[in-house]
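Geometric and topological summary
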Amino acid sequence: MYFYDWTYILVLIGVVICLAASANVKAVMRKYSEVYNSTGLTGAEAARRILNNEGLYNVQIECLSSDDGDHYDPRTNTVRLSYGNFNGASVTAVGVAAHECGHAIQHAKGYTPLTIRSSMVPVVNIGSRLGIPIILLGVLLSYNETLIQIGILAFSLSLLFQLVTLPVEFNASRRAVAVIDQYGLMSVQENKGCRKVLFAAALTYVASVAASALQVLRLVLLFGGGRRRK
């Protein structure tokens, strides 16, 4: 007998939110990647200037082979920039580079949310992999309520991780805007474009939180309470 699961609507809403946020950030970044900053600094040069001015001479800057994947690696004290942002002298390139330097500054100053997020990574990786299998095992074992609840909690760790990530990302963007102003890396008008780039990027994290929350809600609606479906 065909069973219609209305909770798939929650998944669909989450997918739409994420796709909209992704399309928006790509459009904004593309727009400002065509606007060159008046200082002529590339993303790599801007990053080095920021890090040196902050006394972070030990932080390295590396160029990635692809045009995405910008990040800061606290394990190796390395800012990694995509090929376009490493070599480009656009508003987008400098803005993204400054944002990743913001994470390096957070690390150097022991920013608490970043420390918490880093410590959560191993546990979250395990929980995200085992959450659904544990839930399914609980269902197979006559809807074992304990197993199902453990599975939902394990899966929910990824949502908690994303919630902790929000202040980390927004704070890094605030630091980026501040150092760009402080060290004169862009004009006032260019910095307005930079803010738009960083805000659009931040919205993708908000979208991820919303999508994960909807997925957790769906699991609770489907399996919460451990009752066998009639």
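Everything below is about the structure shown above.
In what follows, the accompanying structure is described. (Residues numbered from 1 in each chain as written. Predicted model: local features only at pLDDT ≥ 70, side-chain atom pairs only at ≥ 80, totals over all residues. Heavy atoms only, no water.)

1. Looking at the sheet that holds strand β2 (residues 71-73)
Read across the sheet, three strands follow the order β1-β3-β2 without closing on themselves; strand pairing throughout is mixed. Each edge of the open sheet is held by one strand with a lone partner, namely β1 (60-63) and β2. Each adjacent strand pair in this sheet contributes to an overall mean axis angle of 25°, direction not counted. As paired elements, β1 and strand β3 (residues 78-81) share four bridges and run parallel to each other. (Pairing = 2+ DSSP bridges. Helix = DSSP H or I, 4+ residues; strand = E, 2+ residues; numbered from the N terminus. Axes fitted to C-alpha atoms, helices over the stretch in contact; angles between N-to-C directions.)

2. A look at helix α4 (residues 91-108)
Across its 18 residues, α4 extends 25 Å between first and last C-alpha, which sits within 8% of the 26 Å expected from 1.5 Å per residue. By the criterion of burial, α4 is predominantly enclosed, with 16 of the 18 residues buried. Gly110, located one to two residues past α4, shows a positive phi value of around 65°. (Expected span 1.5 Å × (residues − 1). Buried < 20%, exposed > 50% of the residue type's maximum accessible area, 1.4 Å probe, protein only.)

3. Side note on the packing of aromatic side chains
Pairs of aromatic rings are described using the distance from one ring centre to the other and the angle between the two planes. Under the criterion given, the structure shown has zero aromatic pairs. Note that Arg175 overlies the ring of Tyr111, its terminal NZ or CZ placed 5.5 Å from the centroid. (Phe/Tyr/Trp six-rings, centres within 6.5 Å; stacked < 30°, edge-to-face > 60°. Lys NZ or Arg CZ within 6 Å of the ring centre and 35° of its normal.)

4. A look at the pattern of salt bridges
Per the stated rule, a full pass over the model turns up five salt bridges. When the shortest N-O distance is used, the salt bridge between Arg80 and Glu62 registers 3.0 Å. One end of the pair, Arg80, is in strand β3; the other, Glu62, is in strand β1, with 18 residues separating them in the sequence. Take Arg80: its relative accessible area is 15%, and that puts it in the buried class. Linked through salt bridges whose partners overlap, the residues forming this network are Glu62, Asp73, Arg75 and Arg80. (Salt bridge = Lys/Arg side-chain N within 4 Å of Asp/Glu carboxyl O.)

5. So, the environment of Ala211
Relative to the elements of secondary structure, Ala211 occurs in helix α7 (residues 188-223). Using a relative accessible area of 19% as the deciding quantity, one classes Ala211 as buried. Residues Ala211 and Gly14 lie 197 residues apart in sequence; the distance between their C-alpha atoms is 4.0 Å. Dropping the residues within four chain positions of it, Ala211 is found in contact with Gly14 and Cys18. (Contact = heavy atoms within 4.5 Å.)

6. Digging into unusual backbone geometry
Unusually for a residue other than glycine, Asn77 sits at a positive phi of about 50°. Within the secondary structure, Asn77 sits in the loop between β2 and β3. Take Asn77: its relative accessible area is 22%, and that puts it in the partly exposed class.

7. Things to note about the packing of α4 against helix α6 (residues 145-182)
Between α4 and α6, whose axes approach to 7 Å, the crossing angle comes to 115°. If you check the angle between α4 and α6, you find them roughly perpendicular. Considering how the two elements wind past one another, α4 and α6 form a crossing that is right-handed. Residues Val94, Gly95, Ala98, His99, Gly102, His103, Ile105 and Gln106 of α4 pack against Val168, Glu169, Asn171, Ala172, Ser173, Arg175, Ala176, Val179 and Ile180 of α6. Classifying every residue of the contact of α4 with α6 by side-chain character gives eight nonpolar, seven polar and two charged. (Parallel < 35°, antiparallel > 145°, perpendicular 65-115°, else oblique. Left-handed = near helix turned anticlockwise from the far one by under 90°. Nonpolar A, V, L, I, M, F, W, Y, C, P; charged D, E, K, R; others polar.)

8. Focus on the side chain of His99
One can find His99 in helix α4. According to the relative accessible area criterion, His99 is buried, its value standing at 9%. Here the side chain of His99 touches His103 through a polar contact of 3.2 Å, side chain to side chain. Not counting residues up to four positions away in its chain, the partners in contact with His99 are Glu169, Ala172, Ser173, Ala176 and Leu198. (Polar contact = N/O pair within 3.5 Å; in protein donor to acceptor, adjacent residues only side chain to side chain.)

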